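The primary structure of each chain is shown beneath.
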Amino acid sequence: DEKEQFRCYREDIGDTAMYLHGLLGVTLFEEIHKTFQRQLLERDTTPWQAIEATLYLLRSVAENTTDDEDPHISAMISNLNNLPSHSQLAYRSMLVIGSYSDWLSSHAELLQCVLPLLLSGLSDREVAPAAAIALRDVGEVCAEHLTCLVDQLIPICQVH
């Protein structure tokens, strides 16, 4: 089955990215960041699949981040709201946010940036499952940082 082959291929790519991260460290994040920046600058001509693949790589290396990579991660997370409008990109960005929930707990200033994305993802039928999982992950790890945002969150959650 073609979908299964693609899924296996993607897993292999993710594993390879993790191994490369172990070898290259911050250099891999620099390259992912440069690619992501270029794709966003050329978003009108960059196929959504290329951007989605970059987001996939970003998610694949989420478990092994170091402090040296913080500037690159911050910039990429901050720019998730600049993605072209496409359900697959929105879906993948939700997964990225969820995979960086531990990292976000140490970078709470970015919660103001990602929460609106997560909450808007709840209103899109195709994106809602990933948004709900990411919101759960962020909520579990970043609960203490979300208390100041409760007044903003409750009305939005009541709508969704």
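Bear in mind the structure is a predicted one, so any value in this text is a computation, not a measurement.

Q: Could you give an account of the pattern of salt bridges, naming the residues involved and the relevant values?
A: Scanning all chains against the criterion turns up six salt bridges. Its salt-bridge partner being R7, residue E4 comes within 2.5 Å of it at the nearest N-O pair. Placement of the pair is E4 and R7 together in helix 1 (residues 2-24), with a separation of three residues, close to one helical turn. You can call R7 partly exposed: its relative accessible area is 39%.

Q: Mind laying out the packing of aromatic side chains, listing which residues take part and the relevant values?
A: Throughout the structure, instances matching the rule amount to two aromatic pairs. The interplanar angle of 35° and the centroid separation of 6.4 Å between the aromatic rings of F6 and Y9 together place this pair among those described as tilted. With a gap of three residues between them, F6 and Y9 both fall in helix 1, about one helical turn apart. Judged by its relative accessible area of 47%, F6 falls in the partly exposed class. With a centroid separation of 6.4 Å and an interplanar angle of 90°, the aromatic rings of Y100 and W103 are classed as edge-to-face. Here the guanidinium or amino end of R10 rests over the ring plane of Y56, the centre of that ring lying 4.4 Å away.

Q: Describe the side chain of D137, listing the residues and the values that go with them.
A: Inspection of the secondary structure assignment puts D137 in helix 8 (residues 128-146). Ignoring anything within four residues of it in the chain, the contact list for D137 reads G98 and S101.

Q: How would you sum up the nonpolar core? Please name residues and give values.
A: One broad trend across soluble globular proteins is that nonpolar side chains are buried collectively. Counting residues in each nonpolar core, the largest one holds 37 residues, and the members touching the most others are I77, L80, Y100 and L104. Contributing elements (two or more residues each) for this core: helix 2 (26-41), helix 3 (48-60), helix 4 (70-78), helix 5 (87-99), helix 6 (101-105), helix 7 (111-121) and helix 8. Per-element tally for this core: the top contributor is helix 8, with six residues. Every residue in contact with L104, bar those within four places of it in the chain, is listed here: I77, I97, L110, L111, V114, V138 and C142.

Q: Residue-level account of the packing of helix 3 against helix 5, with values.
A: It is at 9 Å that the axes of helix 3 and helix 5 come closest, and there the two elements cross at 10°. In this view, helix 3 runs roughly parallel relative to helix 5, as classed from their interaxial angle. On the side of helix 3, the interface is formed by W48, I51, E52, L55, Y56, L58 and R59, while helix 5 contributes Q88, L89, R92, S93, L95, V96 and S99. Within the contact of helix 3 with helix 5, the residues separate by chemical class into eight nonpolar, three polar and three charged.

What counts as what
Residues numbered from 1 in each chain as written. Predicted model: local features only at pLDDT ≥ 70, side-chain atom pairs only at ≥ 80, totals over all residues. Heavy atoms only, no water. Salt bridge = Lys/Arg side-chain N within 4 Å of Asp/Glu carboxyl O. Helix = DSSP H or I, 4+ residues; strand = E, 2+ residues; numbered from the N terminus. Buried < 20%, exposed > 50% of the residue type's maximum accessible area, 1.4 Å probe, protein only. Phe/Tyr/Trp six-rings, centres within 6.5 Å; stacked < 30°, edge-to-face > 60°. Lys NZ or Arg CZ within 6 Å of the ring centre and 35° of its normal. Contact = heavy atoms within 4.5 Å. Core = buried A, V, L, I, M, F, W, Y, C linked by side-chain atoms within 4.5 Å. Axes fitted to C-alpha atoms, helices over the stretch in contact; angles between N-to-C directions. Parallel < 35°, antiparallel > 145°, perpendicular 65-115°, else oblique. Nonpolar A, V, L, I, M, F, W, Y, C, P; charged D, E, K, R; others polar.

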